[in-house]
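Summary of the model geometry
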Amino acid sequence: MTALARHSRFIAILSAGLLLRVLLAFVLYPKQGFSSDMQLFAGWATTLARVGPGAFYATATGADYPPGYMYILWLLGSAPAAALPLLLKMPAILADLGIAAVLYWAARRWLGQRAGLIAAALYLFIPVTWYDSALWGQVDAVGALLLIASLVLLIERKSEAAIALAVLAILVKPQEAIGLVVVLPVLVRRHLIESGSRRRLVTSAFAGAAALVLPLVPFDIGGVAGLLRLFQTDADRYSVLTANAFNIWALVGGTPLAQIIGGSGSWTADSLAIGGTTAFIVGASALAAVGLVVAGGLLVRDGRVPILLGFAIVAFAFYAVPTRVHERYLFPFFTAGALLAAEFVAASAGYLIVGLLNAVNLHAILGAPLSVGAGVAGLGRGGGPGAIRGGGGLGGLGGFGTQIASIRLPFADLARSEMIVALVALGQTAALVALLVAWCVLVIRPRPIARAAEAPYVAWRPSSTS
């Protein structure tokens, strides 16, 4: 049997996933999406083509992304101006296909052909993924591709490559730093606590440092110190309870997001007093606690399921627990979550439910213009979250504001109703609690004796030979 025939069903699934995205991005909604995001990407791409990376941050309008994704925009910037608005969605669409390929390869290797097909299909067709790339025009899939590849390499005991990809993901979007909460403790366990080679810990550190420093060299960002300043500026820009994420913070405050998202109003600042401290401190402390629970568990248990479940929890917590969160921050969960769903029936049900809930959140924000967000101290200009996200307005973008339109989707008002927002927030919070319970059971229960006939990818020991 030829390789093409062996993988024919996966190729069919991949082709269907691509066709869905092409129809949405280029037939039904061409040059449409979350217009302010896409206009900024277009402006950055043309600026990179014009001045190069050495003067980019000093020249570009609202350049608040780290250099990782700028390499892709640099390439797109050489395209004709008429084609660029269409091309902006292609990197994320291709990244979606790349994620599906990684999921298929990994699940097929560990669990068999059927699991590989399920994992790839779940990811490709769950609405969150094609909402983000083909409809919205955002690039979360690019960082998520690097993260899931990092996790697979970690499970395969490729330490240096795993940490290098995890660091590169941070240079695409700083939120992807969640990957280090999983990668670092696993490397410490394998190469310091256990009898593994301590030299591998040193070589892994060098690989991570190179992945951090080398991509910064061409850009005028000021090295690692400048990168950290950019991250701090981005974090401080949205000092609110929730920047349109339907998490538990959407139900908090004198005028919570759940009450105003369907009309107009202002985000509530996360300096809100809660129990003698602020909402920001409460959220950050809770996120740190979840991170410590996961990292501590990974120092005790290694293997495929602990790594995937640990990452799923951290990714989910980053969306559900802290303040200042956007609606798309749950995206990385749907990569590792697809591998877990391909193996466990309960995980597949949870995956689909969470995917539906988060899709409602994305639909509510994408479906029609919003006026929520104006008037928060430090955010300033009004005009809704799209303008605020620009971090510097939308002027000077080479006329792309006239080429890229806001998308219009039905039932946006229903998705923004107070009852729906509350149901989404409570449902997603319950899902995180269920994940944490599963983690405690996984880490605490006694280690079973593996049978000799078992595959090397059992959840309770390292997932392959070194």
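Quick caveat: nothing in here was measured; it's all calculated off a predicted structure. (Residues numbered from 1 in each chain as written. Predicted model: local features only at pLDDT ≥ 70, side-chain atom pairs only at ≥ 80, totals over all residues. Heavy atoms only, no water.)

1. Focus: the overall build of the chain
Basically, it comes down to this: Only DSSP runs of H or I covering at least 4 residues are called helices, and only runs of E covering at least 2 are called strands; the numbering of each starts at the N terminus. Throughout this description, buried means an accessible area under 20% of the type-specific maximum (1.4 Å probe, protein chains only), exposed means over 50%, and partly exposed covers the range between.
When you go through the chain residue by residue, the secondary structure sums to 22 helices and four strands. By residue count, 55% of the 466 residues in the chain fall in the buried class.

2. Some thoughts on helix 10 (residues 140–155)
Inclusion rule: For a helix, the expected span equals 1.5 Å multiplied by the residue count minus one.
In this model helix 10 runs 23 Å from its N-terminal to its C-terminal C-alpha over 16 residues, within 8% of the 22 Å that 1.5 Å per residue would give. Counting buried residues in helix 10 gives 14 out of 16 residues, a clear majority hidden from the surface. Note on helix 10: the residue one or two positions beyond its end, arginine 157, has a positive phi of about 65°.

3. Quick notes on the packing of aromatic side chains
What counts, and what does not: Pairing of aromatic side chains here covers Phe, Tyr and the six-membered ring of Trp, requires ring centres within 6.5 Å, and sorts the geometry by plane angle: under 30 degrees stacked, over 60 edge-to-face, intermediate tilted.
Counted according to the given criterion, the structure contains 18 aromatic pairs. A connected cluster of aromatic rings, assembled from ring pairs, spans Phe56, Tyr57, Tyr71, Trp74 and Phe219.

4. Considerations on the layout of surface pockets
To locate leftover empty space, one rolls a probe as large as a water molecule over the atoms. Condition: Cavities and pockets were defined on a 1 Å grid built from protein atoms only: a cavity is a group of points that admits a 1.4 Å probe but offers it no way out, a pocket is an open group of points flanked by protein on both sides within 12 Å along at least five of seven lines, and a lining residue is one with an atom within 4 Å of any such point. Grid points are joined across faces, edges and corners, and a volume is the space filled by probe spheres set on the points. Only Asp, Glu, Lys and Arg are considered charged, only Ala, Val, Leu, Ile, Met, Phe, Trp, Tyr, Cys and Pro nonpolar, and every remaining residue, Gly among them, polar.
Counted as a void, the largest pocket has a volume near 960 Å³. If you go around the largest pocket, you meet 37 residues; those closest to its centre are Pro174, Gln175, Ala235, Phe318 and Tyr329. Elements supplying a minimum of two residues to the lining of the largest pocket: helix 3 (35–51), helix 12 (178–193), helix 14 (223–237), helix 16 (279–300) and helix 17 (304–320). If you tally residues by element for the lining of the largest pocket, the top one is helix 14, at six residues. When its residues are assigned to classes, the lining of the largest pocket shows 23 nonpolar, six polar and eight charged. Lining the second largest pocket are 26 residues, with Leu309, Ala346, Ala347, Leu435 and Ala438 positioned closest to its centre. Those elements giving two or more residues to the lining of the second largest pocket turn out to be helix 17, helix 18 (333–341), helix 19 (345–366) and helix 22 (418–444). Class assignment of the residues belonging to the lining of the second largest pocket gives a composition of 20 nonpolar, three polar and three charged.

5. Some remarks on the pattern of salt bridges
As a reminder of what qualifies: Salt bridges are defined by distance alone: a side-chain nitrogen of Lys or Arg within 4 Å of a carboxyl oxygen of Asp or Glu.
Applying the stated rule across the entire model yields 14 salt bridges. Where aspartate 236 meets arginine 324, a salt bridge forms, and the shortest distance between an N and an O atom there is 3.6 Å. Placement of aspartate 236 in helix 14 and of arginine 324 in the loop between helix 17 and helix 18 is noted, with a sequence separation of 88 residues between them. For arginine 304, the salt bridge goes to glutamate 343, with nearest N and O atoms at 2.3 Å. Here arginine 304 is found in helix 17, whereas its partner glutamate 343 is found in the loop between helix 18 and helix 19, with 39 residues between them in sequence. Shared partners join several salt bridges into a network, and the residues in it are Asp140, Lys173, Glu327 and Arg328.

6. Details of a nonpolar patch on the surface
This is how it is decided: Patch membership needs two things, relative accessible area over 30% and no salt bridge, and members are linked within 9 Å if like-charged or within 5 Å if nonpolar (Val, Leu, Ile, Met, Phe, Trp, Tyr). The accessible surface values rely on the Shrake-Rupley method and a 1.4 Å probe; as for residues, cover is taken only from the protein chains in view.
A cluster of nonpolar side chains, namely Val213, Leu214, Val217, Val224 and Leu228, defines an oily patch on the protein surface of about 450 Å² accessible area. Structurally, the position occupied by leucine 214 is in the loop between helix 13 (198–213) and helix 14.

7. Quick look at empty space enclosed by the protein
Scanning the entire structure with this criterion turns up two cavities of 30 Å³ or more. Taken as a whole, the largest cavity spans an internal volume of roughly 70 Å³. Together, Asp140, Lys173, Gln175, Glu176, Ile178, Phe318, Arg328, Tyr329 and Pro332 line the largest cavity. In the lining of the largest cavity, the residues fall into four nonpolar, one polar and four charged. Put simply, the second largest cavity is a space of about 50 Å³. Lining the second largest cavity, in full, are Leu241, Thr242, Trp249, Val252, Thr255, Pro256, Leu257, Ile260, Trp267 and Thr268.

8. Section: unusual backbone geometry
Within the chain, lysine 31 stands out as a residue other than glycine whose phi angle is a positive 55°. Relative to the assigned elements, lysine 31 resides in the loop between helix 2 (8–28) and strand 1 (32–33). We note that phenylalanine 411 has phi near 65°; this positive angle belongs to a residue other than glycine. With respect to the element layout, phenylalanine 411 can be found in the loop between strand 4 (405–406) and helix 21 (412–415).

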